[in-house]
Amino acid sequence: MTATLTTTARAGWFTEAEDRLREELTEHFARQVEPHIPAWESAGEIPLRDILTALGERGMLGLRFPVERGGAGHSAWSHVVLAECLGELSSDSVGMSVTVHNDMVAPMIAEAGGPEAVERHLRPALTGRHLLAHAVSEPGAGSDVAAVATTAVPVDGGYRVSGTKQWVIAGMYADAYAVLARLPEAKPPFGYVLLMVPRSAEGVTVGPADPTLGMRAAGVAGSVRLDEVFVPQSDRLGGHGLGLVTQLRQFEPERIVSACRALAIAARLLRDTRARLAERSTFGESVGSRQEIVFRLARLEADIAAARQLAYTGIDRWVAGGDHRTVSAAVKLRSSRLTRRVARECLHLYGAQGQLTEEGVNRAFRDARLFSISTGSDEMMLTALARLNGWADD
Amino acid sequence: MTELSTAPGLSTAPGAPAPPVSRAPGGIPTEVFRKQLAEFSAARGELLAADRWESQDPPVRELLGAAGAAGLFRAAWAVDEADRPRALWHAVELHTAFARLGNGAPGAPLLTHLDVATRLLATLPAAPAGLVERALDGRTTAALAVTEPGGAGSDLASLTTAVRRDKDTLTVTGEKWFISNAPYADHLLVLADDPEAVTGSRTGPALLLLEATAPGVARETLDTSGHTGLTGRIRLDAAPVHTVLAPGGHGLLRLMRHWIHERVMVAVRMTELASAVVDHAAEAAHHRRTFGSALIANQQVRFRLADLSAQVLETRAAVHHGIRLLAEGGCPMAYAAVCKYRAAELLRTAADEALQLSGADGYRTGHPAQRALRDGLGLALAGGTDELMLLQIDRG
Ligand SMILES: Cc1cc2nc3c(=O)[nH]c(=O)nc-3n(C[C@H](O)[C@H](O)[C@H](O)COP(=O)(O)OP(=O)(O)OC[C@H]3O[C@@H](n4cnc5c(N)ncnc54)[C@H](O)[C@@H]3O)c2cc1C
Ligand SMILES: Cc1cc2nc3c(=O)[nH]c(=O)nc-3n(C[C@H](O)[C@H](O)[C@H](O)COP(=O)(O)OP(=O)(O)OC[C@H]3O[C@@H](n4cnc5c(N)ncnc54)[C@H](O)[C@@H]3O)c2cc1C
């Protein structure tokens, strides 16, 4: 996306302080993170702890959480700034892992954790020294979150948890997992608990995932096995029986923040592709000046510009305490599909060079394909939208 | 499903008109070959296992050797002009069968071997004697090296690889990349500029045969997202020319004619890859359960699959017409471009949708749709990009 359109898109939405934050983050990432990405990607591993610690030291984690819980008391817009800066990075293994930590698990502790959970998990997480991951999905429970089979049996002082989670971003790096488990008498949407499970707890075994299309340096865990793991009551997030509700509620704002990252990725890809095609010439003219190419890229720019306003509208509603469920589902759907399409188009327009695994556009295509699948697939967003509009068929 | 047919008995009634003759392309019996292909795949399960084709060193030569020994290439090869239709429809059968083996991956080097390198060599009278025969037995293979990292891709006018005379030998210097089967080839068919008309009487691109192990030839396998381990980079540093296949000024012309055949065949392969992933997705949707019922029970899922199946049928019809035109001896460049463009579009849509329908499982390496998506994006470039096809369609 052109720089001017991006500036125009942001006009009126961000404060000067947030603009400064963006500058700081941009500079920090450009110096400390981006230069290392090719090496990290080829090693298949990112130093997530170092990345988060560096952000923590600069006071850039958990900005929107209340001061008394370790945050900075800023608004959600500060998290949008971080999300957009993460989207500027050429590895979404970094972007997604930081997001899981700072925007998926940390918020649940900040909002639904008791004082001990905050001390044990949130404060250290916001320094970047305690890594958080999200273990919800299971072999039999992906879209259908309520179908989780992992069971938490209430015992004296807490729960004994058994079951197997699969597909956990940063699961290989994490120190603690937010685990959704059913109570023996679960009846959706009630009868679930959300528990913080330290990786060091007895009975926890973590294994790597099989190779995937993208997210190859995200430390994805293929399985997090819990065998009679004891979790104290104080590490429960939300009420006894309210785990699923707490979880589903957290997804709503997070999806808007993630959409902002997705759209930043799309905008970056368009910008890079445009620059490349301006240089590349065939049949005596630069490819980027061909009308077909100009129109194709311009259409995608328009789509991104519009989707950005939907995302910002959603953030605004959320910050203002309004109902943002519909916007959340809509922008997750629109941004995931759009970023997938932009990545695919850009990959194609890079020609054969884009086929090289190490090329940024190739990685972006492979990483970005996950948006339509994870944290609520496109189809689940369609289902949610139909339901919110009152069109449910049951 | 109801079949459209004439009522039983009607056509045999005395005095009734002769039964209608199908005008659809094909009509050449291929059942025996189909059975042969099924037997080959049953006997070669280990060689065709998908994970072997996810490595940087897939068993290309082993496959070509086995397929050659089993007579698969000869079955799809015309012994004379009159045999061409039979051979073409057997080639269709071959690529259709391989689209469903090893997540479709082994079909790529097979097509490059048969329908790019061997086919091209067979059209060149200067090709060394016996080379085509040995290729048909799967004992030797070649790669067609045109594309260059610097510039020459869609537009071959900017070719920088060049042939020169060095005392009494011709040598080539330059670099090629994304050359299918290059890491496994015995011979390289190199398109090189001939600025001094050392290969003939004219300047311009010449097509040259080089031995892949000759001095001055360095090859490496590229690390790519699709066609894993199947394409290579070639550096030529005063590498000796073995044979001039087409002299300066004639190289490109030869290739243009060849590409018509190649594009239609690649379109067959892409269509059948799409068909395979749609079938796989439909099958998987019967087993995967969410919210208490099978995925296939959702109308939205069925409609998406149904839409894709219609697109497969449509593209297959278009591509089979291309085969008919080839069989009749002339498929226009623009129609070959229609086939390649449509099939690339289909494959990318079908693979992306099929991946989506499998959720996280589809994101996993080893899933057929994931492989087809990676390969499909490469196929939209190989042998002429979508945009080049559109330019040719526009030219008519
Ligand atoms: C790389 C990677 C990282 C991940 N990281 C995490 C993580 O950190 N934590 C975590 O908990 N999970 C994670 N996941 C899992 C992810 O959340 C799930 O993949 C997702 O919820 C979809 O579930 P599923 O894969 O089981 O697909 P399924 O639920 O089996 O669905 C398959 C497909 O069918 C569609 N579908 C399902 N039901 C219907 C219906 N009724 N109607 C129409 N369509 C339907 C879905 O949208 C999907 O496209 C990750 C996955 C991947 C691939
Ligand atoms: C899997 C695979 C196998 C291959 N095998 C071989 C092989 O065996 N031998 C070989 O020689 N090559 C091979 N190639 C290379 C292939 O032929 C080239 O990638 C292709 O010709 C395009 O060239 P390029 O990559 O340099 O892209 P470019 O020509 O740089 O084009 C870049 C992008 O711009 C578009 N574009 C270019 N010009 C225009 C225009 N005027 N108007 C609109 N859009 C335009 C293109 O369509 C493309 O999307 C292979 C490629 C792949 C991916």
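Residues numbered from 1 in each chain as written. Chains lettered and ligands numbered in written order. Predicted model: local features only at pLDDT ≥ 70, side-chain atom pairs only at ≥ 80, totals over all residues. Heavy atoms only, no water.

## Topic: the overall build of chain A
Working step 1: Helix and strand counts for chain A come out as twelve helices and ten strands.
Working step 2: Relative to its length of 394 residues, chain A is compact, with a C-alpha radius of gyration of 21 Å against a globular reference of 21 Å.
Working step 3: In terms of overall dimensions, chain A has C-alpha extents of about 75 × 45 × 40 Å along its principal axes.
Working step 4: Residues classed as buried in chain A amount to 58% of the 394 residues present.
Working step 5: A fraction of 76% describes how many contacts in chain A between residues 6 or more apart in sequence connect residues 24 or more apart.
Working step 6: Carbon and sulfur atoms provide 52% of the accessible area of chain A, an area that totals close to 15,200 Å².
Working step 7: Positive and negative side-chain charges in chain A, numbering 43 and 47 respectively, have mean positions lying 3 Å apart. (Helix = DSSP H or I, 4+ residues; strand = E, 2+ residues; numbered from the N terminus. Rg over C-alpha atoms; globule rule 2.2 N^0.38 Å. Buried < 20%, exposed > 50% of the residue type's maximum accessible area, 1.4 Å probe, protein only. Contact = heavy atoms within 4.5 Å. Areas by Shrake-Rupley, 256 points an atom, 1.4 Å probe, with all protein chains shown as cover. Lys, Arg positive; Asp, Glu negative; His and termini not counted. Charge placed at Lys NZ, Arg CZ, Asp CG, Glu CD.)

## Overview of a negative patch on the surface
Working step 1: Taken together, the side chains of Glu16, Asp19, Glu23 and Glu24 of chain A make up a negatively charged region of the molecular surface.
Working step 2: Looking at where Glu24 of chain A falls in the secondary structure, it is placed in helix H2 (residues 16-33). (Patch = residues over 30% accessible without salt bridge, like charges linked within 9 Å, V, L, I, M, F, W, Y side chains within 5 Å. Salt bridge = Lys/Arg side-chain N within 4 Å of Asp/Glu carboxyl O.)

## Structural notes on the interface of chain A and chain B
Working step 1: Taken together, the contact pairs 42 residues of chain A with 38 residues of chain B.
Working step 2: Summed over both partners, the interface of chain A with chain B buries about 3,400 Å², with 57% contributed by carbon and sulfur atoms.
Working step 3: For the chain A face of the interface with chain B, the top three residues by lost area are Arg344, His348 and Gln355 of chain A, together amounting to 19%.
Working step 4: Across the chain A-chain B interface, the total number found is five salt bridges.
Working step 5: Arg296 of chain A is the salt-bridge partner of Glu387 of chain B, the closest N and O atoms lying 2.8 Å from each other. (Buried area = accessible area lost by both parts, 1.4 Å probe.)

## Comments concerning the UniProt feature "domain: Acyl-CoA dehydrogenase/oxidase N-terminal" (unreviewed entry) in chain A
Working step 1: On the UniProt side, "domain: Acyl-CoA dehydrogenase/oxidase N-terminal" (unreviewed entry) is annotated at positions that read residues 15-128 of chain A here.
Working step 2: Summarising residues 15-128 of chain A: 70% helix, 0% strand, and an end-to-end C-alpha distance of 26 Å. (UniProt positions renumbered as here; feature names shortened; annotations may be inferred.)

## Section: the UniProt feature "domain: Acyl-CoA dehydrogenase/oxidase C-terminal" (unreviewed entry) in chain A
Working step 1: Within this numbering scheme, the UniProt entry marks residues 243-387 of chain A as carrying the feature "domain: Acyl-CoA dehydrogenase/oxidase C-terminal" (unreviewed entry).
Working step 2: Between the end C-alpha atoms of residues 243-387 of chain A the distance is 22 Å, and the span holds 76% helix and 3% strand.

## Points about the UniProt feature "domain: Acyl-CoA dehydrogenase/oxidase C-terminal" (unreviewed entry) in chain B
Working step 1: The sites that UniProt annotates as "domain: Acyl-CoA dehydrogenase/oxidase C-terminal" (unreviewed entry) are residues 249-395 of chain B.
Working step 2: Along residues 249-395 of chain B one finds 80% helix and 3% strand; the C-alpha atoms at either end are 23 Å apart.

## Quick notes on the pattern of salt bridges
Working step 1: A full pass over the atoms with the stated rule returns 53 salt bridges over all chains.
Working step 2: Across the pair Asp378 of chain A and Arg337 of chain A runs a salt bridge, and its minimum N-O distance is 3.4 Å. Taken together, the residues span a long stretch of sequence, with Asp378 of chain A in helix H12 (residues 378-388) and Arg337 of chain A in helix H10 (residues 325-349) at a distance of 41 residues.
Working step 3: Classification of Arg337 of chain A as partly exposed rests on a relative accessible area of 37%.
Working step 4: Note that Glu133 of chain B and Arg74 of chain B form a salt bridge whose closest N and O atoms lie 2.8 Å from each other. Residue Glu133 of chain B is found in helix H6 (residues 131-136), and its partner Arg74 of chain B is found in helix H3 (residues 72-75); the two are separated by 59 residues along the sequence.
Working step 5: Look at Glu133 of chain B and you get partly exposed, because its relative accessible area is 43%.

## Examining the confidence of the model for chain B
All names here are of chain B.
Working step 1: Across chain B, the average pLDDT comes to 94, with 96% of residues at 70 or higher.
Working step 2: The model gives residues 1-11 a pLDDT under 50, and that stretch makes four contacts with residues more than four places away or in other chains.
Working step 3: Here the complex is predicted with pTM 0.93, and the ipTM for its interfaces comes to 0.90. (pLDDT = per-residue confidence, 0-100.)

## Things to note about the domain arrangement of chain B
Residues and elements named next belong to chain B.
Working step 1: According to the domain assignment, chain B contains domain 1 (23-140), domain 2 (143-248) and domain 3 (253-395).
Working step 2: Relative placement of domain 1 and domain 3: their C-alpha centres are 20 Å apart.
Working step 3: With 28 residues of domain 1 at the interface, the matching set in domain 3 holds 29 residues.
Working step 4: A buried area of about 2,400 Å², summed over both sides, lies between domain 1 and domain 3, and 63% of it is on carbon and sulfur atoms. (Domains from an automatic or database assignment.)

## Side note on the packing of aromatic side chains
Working step 1: In total, this model carries seven aromatic pairs over all chains according to the counting rule given.
Working step 2: Summarising the aromatic geometry, the rings of Trp13 of chain A and Trp77 of chain A are spaced 5.6 Å apart at their centres and angled 25 degrees between planes, so their arrangement reads as stacked. In this pair, Trp13 of chain A sits in the loop between helix H1 (3-10) and H2 while Trp77 of chain A sits in helix H5 (residues 77-87), placing the two residues 64 residues apart along the sequence.
Working step 3: The class for Trp13 of chain A is partly exposed, based on a relative accessible area of 23%.
Working step 4: When the ring of Trp177 of chain B is compared with that of Phe178 of chain B, the centres are 5.0 Å apart and the planes differ by 80 degrees; the resulting orientation is edge-to-face. The pair Trp177 of chain B / Phe178 of chain B is uniform in exposure class, with both members buried.
Working step 5: Following the ring pairs from residue to residue traces out a cluster consisting of Trp13, Phe14, Trp77 and Tyr312 of chain A.
Working step 6: Over the ring of Phe14 of chain A we find Arg22 of chain A; its NZ or CZ atom is 4.8 Å from the centre of that ring. (Phe/Tyr/Trp six-rings, centres within 6.5 Å; stacked < 30°, edge-to-face > 60°. Lys NZ or Arg CZ within 6 Å of the ring centre and 35° of its normal.)

## What to know about the site of ligand 2
Working step 1: Taken together, 28 residues surround ligand 2, and among them Arg280 and Ala352 of chain A together with Ser154, Thr385 and Glu387 of chain B come closest.
Working step 2: Flanking ligand 2 are residues from chains A and B.
Working step 3: Taking Arg280 of chain A, its side chain carries an N or O atom lying 2.4 Å from an oxygen atom of ligand 2.
Working step 4: One of the backbone nitrogen or oxygen atoms of Leu144 of chain B is found 2.7 Å away from a nitrogen atom of ligand 2.
Working step 5: Burial of ligand 2 by the protein amounts to 93% of the accessible area it has alone, namely 970 Å².
Working step 6: Secondary structure elements with two or more residues in the shell around ligand 2: H10 of chain A together with strand S1 (142-145) and strand S3 (169-180) of chain B.
Working step 7: A total of three residues in the shell around ligand 2 trace back to one element, the largest contributor, which is S3 of chain B.
Working step 8: In the shell around ligand 2, the residues fall into twelve nonpolar, 13 polar and three charged. (Near = heavy atom within 4 Å. Polar contact = N/O pair within 3.5 Å; in protein donor to acceptor, adjacent residues only side chain to side chain. Nonpolar A, V, L, I, M, F, W, Y, C, P; charged D, E, K, R; others polar.)

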